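Chain by chain, the residues:
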Amino acid sequence: MSTENLPQSPGQPPRKPRVAVVFGGRSSEHGISMVTAGAVLSAIDRTKYDVLPIGITRDGRWVLTADEPERMAIVDRRPPEVEQLAESAEGGVILPVDPANREVVYSEPGSVPKALGEVDVVFPVLHGPYGEDGTLQGLLELSGVPYVGSGVLASAVGQDKEYMKRVFTSFGLKVGPYVVIRPREWERDEPAARKKIVDFAGEHGWPLFVKPARAGSSIGITKVDDLSGLDEAIAVAQQHDPKILVEAALRGREIECGVLEFEDGPRASVPAEIPPPEAHAYYDFEAKYIDSTPGIVPAPLTDEQTAEVRRLAVDAFEAVSCEGLVRADFFLTEDGEFVINEINTLPGFTPISMYPQMWQASGISYPELVDRLVRAALRRSTGLR
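Criteria and thresholds
Residues numbered from 1 in each chain as written. Predicted model: local features only at pLDDT ≥ 70, side-chain atom pairs only at ≥ 80, totals over all residues. Heavy atoms only, no water. Helix = DSSP H or I, 4+ residues; strand = E, 2+ residues; numbered from the N terminus. Rg over C-alpha atoms; globule rule 2.2 N^0.38 Å. Buried < 20%, exposed > 50% of the residue type's maximum accessible area, 1.4 Å probe, protein only. Contact = heavy atoms within 4.5 Å. Areas by Shrake-Rupley, 256 points an atom, 1.4 Å probe, with all protein chains shown as cover. Lys, Arg positive; Asp, Glu negative; His and termini not counted. Charge placed at Lys NZ, Arg CZ, Asp CG, Glu CD. Phe/Tyr/Trp six-rings, centres within 6.5 Å; stacked < 30°, edge-to-face > 60°. Lys NZ or Arg CZ within 6 Å of the ring centre and 35° of its normal. Core = buried A, V, L, I, M, F, W, Y, C linked by side-chain atoms within 4.5 Å. Polar contact = N/O pair within 3.5 Å; in protein donor to acceptor, adjacent residues only side chain to side chain. 1 Å grid on protein atoms, 1.4 Å probe; cavity = no way out; pocket = protein on both sides within 12 Å on 5 of 7 lines; lining within 4 Å. Points joined across faces, edges and corners; volume = space filled by probe spheres on them. Nonpolar A, V, L, I, M, F, W, Y, C, P; charged D, E, K, R; others polar. Salt bridge = Lys/Arg side-chain N within 4 Å of Asp/Glu carboxyl O. Pairing = 2+ DSSP bridges. Axes fitted to C-alpha atoms, helices over the stretch in contact; angles between N-to-C directions. Parallel < 35°, antiparallel > 145°, perpendicular 65-115°, else oblique. Left-handed = near helix turned anticlockwise from the far one by under 90°.

*Asks:* Please clarify how the overall build of the protein should be interpreted in this entry.
*Replies:* In terms of regular secondary structure, the protein is built from 11 helices and 16 strands. On C-alpha atoms alone, the protein measures out to a radius of gyration of 21 Å, which is about the 21 Å that the 2.2 N^0.38 rule sets for 385 residues. Along the three orthogonal principal directions, the C-alpha set of the protein runs to about 70 × 50 × 40 Å. The buried share among the 385 residues of the protein stands at 55%. Within the protein, contacts between residues at least 6 apart in sequence are counted, and of these 65% link residues at least 24 apart. As displayed, the protein has an accessible area near 16,700 Å², and 51% of this comes from carbon and sulfur atoms. Side-chain charges in the protein split into 39 positive and 58 negative, and the spacing between the mean points of these groups amounts to 2 Å.

*Asks:* What am I meant to see in the packing of aromatic side chains here?
*Replies:* The relative placement of two aromatic rings is captured by the distance of their centres and the angle of their planes. One pass over the full model with this rule turns up 5 aromatic pairs. Taken together, a centroid distance of 6.2 Å and an interplanar angle of 80° make the contact between F330 and F338 edge-to-face. For F330, a relative accessible area of 2% translates into the label buried. Residue F338 is classed as buried on the basis of its relative accessible area of 9%. Among the aromatic residues, those joined into a ring-pair cluster are F123, F349, Y355 and Y366. Across from the ring centre of Y130, 3.9 Å away, lies the NZ or CZ of R26, which sits over that ring. Across from the ring centre of F262, 4.0 Å away, lies the NZ or CZ of R267, which sits over that ring.

*Asks:* It is not clear to me how the nonpolar core should be interpreted in this structure. Could you clarify?
*Replies:* Across soluble globular proteins, nonpolar side chains have a tendency to be buried as a group. Core analysis: the largest hydrophobic core is formed by 35 residues, its most contacted members being V21, F123 and F349. Broken down by element, the residue count for this core peaks at 7 residues, all from helix α11 (residues 366-379). Residues in contact with F349, not counting those within four places in the same chain, are T36, A39, V40, F123, L325, Y355, P356, Y366, L369, V370 and L373.

*Asks:* Help me out: how do you make sense of the environment of S28 in this one?
*Replies:* Tracing the backbone through its elements, the reader meets S28 in the loop between β1 (18-24) and α1 (30-43). Exposure remark for S28: the relative accessible area of 33% places this residue in the partly exposed category. It is 17 Å that separates the C-alpha atoms of S28 and I234, two residues lying 206 residues apart in sequence. At a separation of 3.5 Å, a polar atom in the side chain of S28 contacts the side chain of H240.

*Asks:* For this particular structure, what's the right way to read empty space enclosed by the protein?
*Replies:* Over the atoms rolls a probe the size of a water molecule, and its path tells where empty space is left. The final tally for this structure, using the stated rule, is 2 cavities of 30 Å³ or more. In this structure, the largest cavity occupies an estimated 50 Å³ of space. Looking at the lining of the largest cavity residue by residue, the classes come out as 7 nonpolar, 2 polar and no charged. Size it by volume and the second largest cavity reaches roughly 40 Å³. Looking at the second largest cavity, the residues that line it are P146, Y147, A377, R380, S381, T382 and R385. Split by residue class, the lining of the second largest cavity holds 3 nonpolar, 2 polar and 2 charged.

*Asks:* How should the pattern of salt bridges be read in this particular structure?
*Replies:* Pairs may arise between side chains of opposite charge once their charged atoms sit close together. Per the counting criterion, the structure on display carries 32 salt bridges. Between R15 and D120 there is a salt bridge; the shortest N-O distance is 2.6 Å. Here R15, found in the segment before β1, pairs with D120, found in the loop between β6 (114-118) and β7 (121-124); they are 105 residues apart in sequence, far enough to count as distant. Take D120: its relative accessible area is 1%, and that puts it in the buried class. Across the pair E141 and R385 runs a salt bridge, and its minimum N-O distance is 3.0 Å. Linking E141 in helix α2 (residues 135-143) with R385 in the segment after α11, this pair joins segments that are 244 residues apart in sequence. When salt bridges with common partners are traced through the structure, they connect K48, E263, D371, R375 and R379 into a single cluster.

*Asks:* Honestly, the sheet that holds strand β11 (residues 244-248) in this entry has me stumped. Any pointers?
*Replies:* Each strand in a sheet pairs with another by means of backbone hydrogen bonds, the pair being arranged parallel or else antiparallel. Taken in spatial order, the 4 strands line up as β8-β11-β9-β10 in an open sheet, and their pairing is antiparallel. Edge positions in the open sheet fall to β8 (178-181) and β10 (222-224), since each of these has one partner strand only. Sheet twist, expressed as the mean angle between neighbouring strand axes with direction ignored, is 25°. In this sheet, β11 lies alongside β8 in antiparallel orientation, the contact comprising 4 bridges. By the bridge assignment for β11, I181 is matched with I244. Strands in contact with helix α4 (residues 161-170) are β8, β9 (208-212) and β11; relative to β8, the strand with the most contacts, it is inclined by about 140°. Sheet contacts for helix α6 (residues 190-204): β8, β9 and β11; angle to β8, the most-contacted strand, approximately 175°.

*Asks:* Honestly, the packing of α6 against helix α7 (residues 230-238) in this entry has me stumped. Any pointers?
*Replies:* When two helices pack together, their arrangement is given by the angle between the helix axes and by the axis-to-axis distance. Contact geometry of α6 with α7 gives a least axis separation of 12 Å together with a crossing angle of 115°. In terms of axis orientation, α6 runs roughly perpendicular to α7. Pair α6 / α7 crosses with right-handed handedness. Contact residues: R194, I197 and V198 in α6; L230, D231 and I234 in α7. Residues belonging to the contact of α6 with α7 are distributed by class as follows: 4 nonpolar, no polar and 2 charged.

Here's what the structure looks like:
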């Protein structure tokens, strides 16, 4: 569907496409999603689009929120909460599940449900499980509502670091050494599962990075320097995901590259480099979002290295069948080889996040980036494609 061909009522003037910005959510990345939503709401062109802000509380309730992006900021090192902007403590937003009807309804106990109008496209700025992992995308497919970003499969693969790496390997992209501990392994024989990690460390050396397999924003990740810190790191990761991923440390530079879907296909931005943060052991949540450790844009690479990482970023986008946008993260090892670490199908999208910064350096401003993503979503249909 294009912005020029929206359904109109007879005798009514053409209406602007309606964009529902959905944020918050049930994952541990709730607060960062709020910050991203504030940036998107501030940047979206209100002369071109009608905007409907919808928040999802930590317990999963969909609520109508105030359209006040200035309140969606980190204050005193604390991320915001959807409940702070909800228009009612009890009211809820109901998304249609009939593809022939895109009208969103707002309901409060004891009141007649109120129609909020049709939604033409959803801009999900949810990070992590229950938003970035294909679950929301599946709901929107059932509803027949176009949305920004990748579809169900690509979103699910992009959220699960194990299967992401398996897909990359099958397409010839090089990944670093890793081992996965699934919940059943841990429940069935905890000593054997722990030994699996210890044996991995014996083969690849310390330090190791212990991560939730299906989380983002560097939440729940621990750098483990020796055996004494392993159990605590496992416990921290399991707070966010019962499946954990353990990676060997790679010596090299951290390089990121953005991919954006244009009318003629995906293109890569100039790459960025993430220098080692001075006050942190690695590029963790606080380094990213609280202390705002700056990246280097564009990355100081040779022309050949820049071309190579941009090619690999698009290859990763295509391997997972992504749509819309992706941030691809690499290590440039000491022997000059690019190793892909992961992709993010809904990457950090605040103005200080690396994805918008890389596109800014590539000639696309933040408002234009938001506009391109909405227009790309409007061009696509839901269903098999």
